[in-house]
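Listed below are the residues making up each chain.
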Amino acid sequence: MSLSSRELSKVLQIVTSESSLSNNLDAIALSFHKDINRSEHFKVGMVLMTLLQNRDLLEQPAERIAALYLLFEMYRSESFTVNPFAPFFHSLLTTEESANNLSAEVYFISLITAPSARDIYKMSPRQIVRTAHECKTRPDTRHLKSVGGNKVSGHVASGISVILPDIEEEAQGNTGEVIDKLVSGSDPPSLSSLEPAIMRPTPPLHRDLDEELIWINPNSAEYTFEWEPLVIQTTSVELEIRKLITKALKGALPQPQQNFIREEIAKNPRLIYHIGLSPGKFPALVENNCKIALEVLLHLSQSNQLTEYFTVLVNMELSVHSMEVMNELLGRVVLPPEYIHLYITKCILHCEECKDRLVQHRFVRLVCVFLSSLIRHNTVDVKDMFVEVQAFCINFSRIKEAAGLFRLLKQVDTECSV
């Protein structure tokens, strides 16, 4: 379970490049989600934790701030108490405080894990380091004391790391090459540890005794529930959008609520990754709230997840809403031609296979209007689909819109010939 050299290069580019360290945390998060799949988050987290544990691999304070932020950002949509790297944050905090050292890392961890931490996302790692150095008062870290104090991460509990920091003043070799050899490959040293041999003898069989006590659960006891304030640490806006998206998957939202979601996504595109939306849920959003679905796709246009969402859109059942989303999307985003051709073929097949004549005529009209719009705006190359679309027009020539599409095809074909 390790990263490839190519994936490691992307992570190091985000954490150590000069341009990245000068960008604010929101921009770093967008770049990270664009290049790294969600399925790789835990592996990336293990690599970042290894780099943070060895200061000679990640020396600059700004680089360490960027790495800590990614450890937090990958699981920001969940409570910090269930973040798999929460014990590491607590261990780092304890180590720094025991040395009576007010470092930029302690300052950053105290701010990023606080319930109201929206302002810090607009700062860059370098700005955070400068602010920490100028800060004279020790930050409040009481809200972190109960998060990881009684937890010990697996690698610490089972042994010690085989990687030791280089204490020489002048490090030899290229740091990037050293990191690549330590954390990437099929069996990297970063995943190994020196573990003690623990003897566990087989316990003896238990014998029932006549004088053994029998536990009886009392039925008269009354219990009260106590709320744990650390369970939910998401911002109020993010929590509200998650609730609205859940409703949007089940039915149409009122226009003010639709506008609220679209405005917040436009202001902070990173919200898309934290509102509980996935490709599997996307068809329901298209059918019930197509404008919100379009907004999501537009802000995923630079992400590597766009292909998954577009594949779902192409393969979902044909409807007025899916065609509306596709038409708007094609007018504002450049999509691979093979996906466009696949969707057009699906539209034509759906019309031909429809048994209900009234429903068939309705969809033929919609498809004709859709294809006419694509042709007039030069969204598709007519030559690639000419034969298929022409056969579709001839098959439904009795419908007015199909006849109009056929004339448009002939007109474009004549202009291309000239």
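Residues numbered from 1 in each chain as written. Predicted model: local features only at pLDDT ≥ 70, side-chain atom pairs only at ≥ 80, totals over all residues. Heavy atoms only, no water.

**Q** For this particular structure, what's the right way to read the overall build of the protein?
**A** Of regular secondary structure, the protein possesses 21 helices and 2 strands. The buried share of the protein, reckoned over its 418 residues, is 44%. Counting contacts in the protein only where the partners sit at least 6 residues apart, residues at least 24 apart contribute 75% of the total. By element, 54% of the accessible surface of the protein is carried by carbon and sulfur atoms, the whole surface being about 24,100 Å². (Helix = DSSP H or I, 4+ residues; strand = E, 2+ residues; numbered from the N terminus. Buried < 20%, exposed > 50% of the residue type's maximum accessible area, 1.4 Å probe, protein only. Contact = heavy atoms within 4.5 Å. Areas by Shrake-Rupley, 256 points an atom, 1.4 Å probe, with all protein chains shown as cover.)

**Q** I'm lost on the side chain of glutamate 40 in this one. Help?
**A** Along the chain, glutamate 40 falls in the loop between helix H3 (25-35) and helix H4 (41-53). Apart from residues lying up to four places away in sequence, glutamate 40 is in contact with Leu3 and Glu7.

**Q** Help me understand the pattern of salt bridges, please; the structure alone is not making it clear to me.
**A** Side-chain pairs of opposite charge can arise whenever the charged atoms involved come near each other. The tally for this structure, following the rule as stated, stands at 8 salt bridges. Of the charged contacts, one joins glutamate 105 and arginine 64 as a salt bridge, the two residues approaching to 2.7 Å between their closest N and O atoms. Note that glutamate 105 is positioned in helix H7 (residues 104-112) and arginine 64 in helix H5 (residues 61-73), a separation of 41 residues in sequence. (Salt bridge = Lys/Arg side-chain N within 4 Å of Asp/Glu carboxyl O.)

**Q** What is the right way to read the packing of aromatic side chains from this model?
**A** Geometrically, a pair of aromatic rings is defined through the distance of the ring centres and the angle of the planes. For the structure on display, the rule yields 6 aromatic pairs. Between phenylalanine 282 and tyrosine 309, the ring centres sit 5.3 Å apart and the planes meet at 90 degrees, which makes this aromatic pair edge-to-face. Note that phenylalanine 282 is positioned in helix H14 (residues 282-288) and tyrosine 309 in helix H16 (residues 306-315), a separation of 27 residues in sequence. Every member of this aromatic cluster is reached through a ring pair, and the members are Phe42, Tyr75 and Phe85. (Phe/Tyr/Trp six-rings, centres within 6.5 Å; stacked < 30°, edge-to-face > 60°.)

**Q** Even after reading the chapter, I still don't get the state of the cysteines, so can you show me in this structure?
**A** Throughout this description, disulfide means a covalent bond between two cysteine sulfur atoms. As enumerated under the stated definition, the model contains 0 disulfides in all. Not engaged in a disulfide, the cysteine cysteine 351 finds its nearest cysteine sulfur in cysteine 347; these two sulfurs lie 7.0 Å apart. On the basis of relative accessible area, cysteine 351 is assigned to the buried category, the value being 0%. (Disulfide = S-S within 2.5 Å.)

**Q** I tried to follow the packing of helix H15 (residues 290-299) against helix H17 (residues 320-332) on my own but got confused; where do I start?
**A** Angle between the axes and distance between the axes: these two values describe a pair of packed helices. Closest axis-to-axis distance for the H15/H17 pair is 10 Å, and the angle between their directions is 35 degrees. Between H15 and H17 the crossing geometry is right-handed. Across from Cys290, Lys291, Leu294, Leu297 and Leu298 in H15, the residues of H17 making contact are His321, Glu324, Val325, Glu328, Leu329 and Arg332. Its residues assigned to classes, the contact of H15 with H17 shows 6 nonpolar, 1 polar and 4 charged. (Axes fitted to C-alpha atoms, helices over the stretch in contact; angles between N-to-C directions. Left-handed = near helix turned anticlockwise from the far one by under 90°. Nonpolar A, V, L, I, M, F, W, Y, C, P; charged D, E, K, R; others polar.)

**Q** Explanation requested: a nonpolar patch on the surface in the structure shown.
**A** On the surface, a nonpolar cluster with roughly 270 Å² of combined accessible area is contributed by Ile160, Val162 and Leu194. Locating valine 162 in the fold gives a position in the loop between strand S1 (160-161) and helix H11 (175-183). (Patch = residues over 30% accessible without salt bridge, like charges linked within 9 Å, V, L, I, M, F, W, Y side chains within 5 Å.)

**Q** Mind showing me how you'd approach the nonpolar core here?
**A** One recurring pattern in soluble globular proteins: nonpolar side chains tend to sit buried together. Within the largest apolar cluster, 68 residues are counted, with the highest numbers of intra-cluster contacts made by Leu285, Leu313, Leu329 and Phe392. Per-element tally for this core: the top contributor is helix H19 (residues 357-376), with 8 residues. The next biggest cluster of nonpolar side chains, apart from the first, holds 51 residues, and it includes Ile14, Tyr75, Tyr121 and Ile163. (Core = buried A, V, L, I, M, F, W, Y, C linked by side-chain atoms within 4.5 Å.)

**Q** Mind showing me how you'd approach a negative patch on the surface here?
**A** Taken together, Asp208, Asp210, Glu211 and Glu212 make up a surface patch of like negative charges. Along the chain, glutamate 212 falls in the loop between strand S2 (193-194) and helix H12 (236-248). A relative accessible area of 40% places glutamate 212 in the partly exposed class. (Lys, Arg positive; Asp, Glu negative; His and termini not counted. Charge placed at Lys NZ, Arg CZ, Asp CG, Glu CD.)

**Q** Where do I start with the confidence of the model for the protein in this structure?
**A** Detailed conclusions should not be drawn from predicted coordinates in areas where pLDDT is low. When the pLDDT values of the protein are averaged, the result is 79; 85% of them are 70 or greater. Mean pLDDT across the elements of the protein bottoms out in helix H10 (residues 154-158) (48) and peaks in H14 (89). Contacts for the low-pLDDT stretch residues 149-156, under 50 throughout, to residues beyond four places or in other chains number 7 contacts. (pLDDT = per-residue confidence, 0-100.)

**Q** Would you explain empty space enclosed by the protein in this entry?
**A** It is a probe the size of a water molecule, rolled over the atoms, that shows where empty space is left. For the coordinates displayed, the defined rule picks out 3 cavities of 30 Å³ or more. Its boundaries defined by the atoms lining it, the second largest cavity holds a volume of some 80 Å³. Every residue lining the second largest cavity is listed: Ile344, Leu371, Ile375, Val380, Asp381, Val382, Met385, Phe386, Val389 and Leu409. Within the residue set of the lining of the second largest cavity, elements represented by two or more residues are H19 and helix H20 (382-395). The dominant element in the lining of the second largest cavity, judged by the number of residues it contributes, is H20, at 4 residues. Among the residues forming the lining of the second largest cavity, the class breakdown is 9 nonpolar, no polar and 1 charged. (1 Å grid on protein atoms, 1.4 Å probe; cavity = no way out; pocket = protein on both sides within 12 Å on 5 of 7 lines; lining within 4 Å. Points joined across faces, edges and corners; volume = space filled by probe spheres on them.)

**Q** Is there a simple way to think about the packing of H5 against helix H8 (residues 125-134) in this case?
**A** Where H5 contacts H8, the axes come no closer than 8 Å and their chain directions differ by 115 degrees. Considering their axes alone, H5 and H8 lie roughly perpendicular with respect to each other. Of the two elements, H5 crosses H8, and the hand of that crossing is right-handed. Seen from H5, the contacting residues are Pro61, Ala62, Ile65 and Ala66; seen from H8, they are Pro125, Arg126, Ile128 and Val129. Residue classes in the contact of H5 with H8 are distributed as 7 nonpolar, no polar and 1 charged. (Parallel < 35°, antiparallel > 145°, perpendicular 65-115°, else oblique.)

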